[in-house]
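# Fold and contact review
Letter by letter, the chains look like this.
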Amino acid sequence: MYAIEFEADLNSEYLRIPEFDKLKNQHVKVIVLAENIETSLTQKTADLSSVYDFSDLVGKLEWQGAALAQQENLRNEW
């Protein structure tokens, strides 16, 4: 396995990958980690909840079946 680790300052949407010629035409996994993100995931979730108002459905839907069995089936799909 070949791995490259580097740090960069991002000033645009483009990022130069060191030693790109060794990675060209290959399947790669890119992981981006940032130390300080101003917008948190909880803020994004709060923003989405204000867009979709589900208050008219509260208490009207009932689950038919075994919830734990269904959850287990969904996990097995992964």
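Here is what the cut-offs are and how they apply
Residues numbered from 1 in each chain as written. Predicted model: local features only at pLDDT ≥ 70, side-chain atom pairs only at ≥ 80, totals over all residues. Heavy atoms only, no water. Helix = DSSP H or I, 4+ residues; strand = E, 2+ residues; numbered from the N terminus. Buried < 20%, exposed > 50% of the residue type's maximum accessible area, 1.4 Å probe, protein only. Areas by Shrake-Rupley, 256 points an atom, 1.4 Å probe, with all protein chains shown as cover. pLDDT = per-residue confidence, 0-100.

This brings us to the overall build of the chain. Of regular secondary structure, the chain possesses 3 helices and 0 strands. Starting at the N terminus, the α and β elements of the chain follow one another as α-α-α. Residues classed as buried in the chain amount to 1% of the 78 residues present. Surface summary for the chain: the accessible area is close to 8,700 Å², and the carbon and sulfur share equals 53%.

Interpretation of the predicted coordinates at a detailed level should be avoided for regions scoring low in pLDDT. Across the chain, the average pLDDT comes to 78, with 81% of residues at 70 or higher. Averaged pLDDT values for the elements of the chain fall to 58 in helix α2 (residues 41-51) and rise to 87 in helix α1 (residues 20-23).

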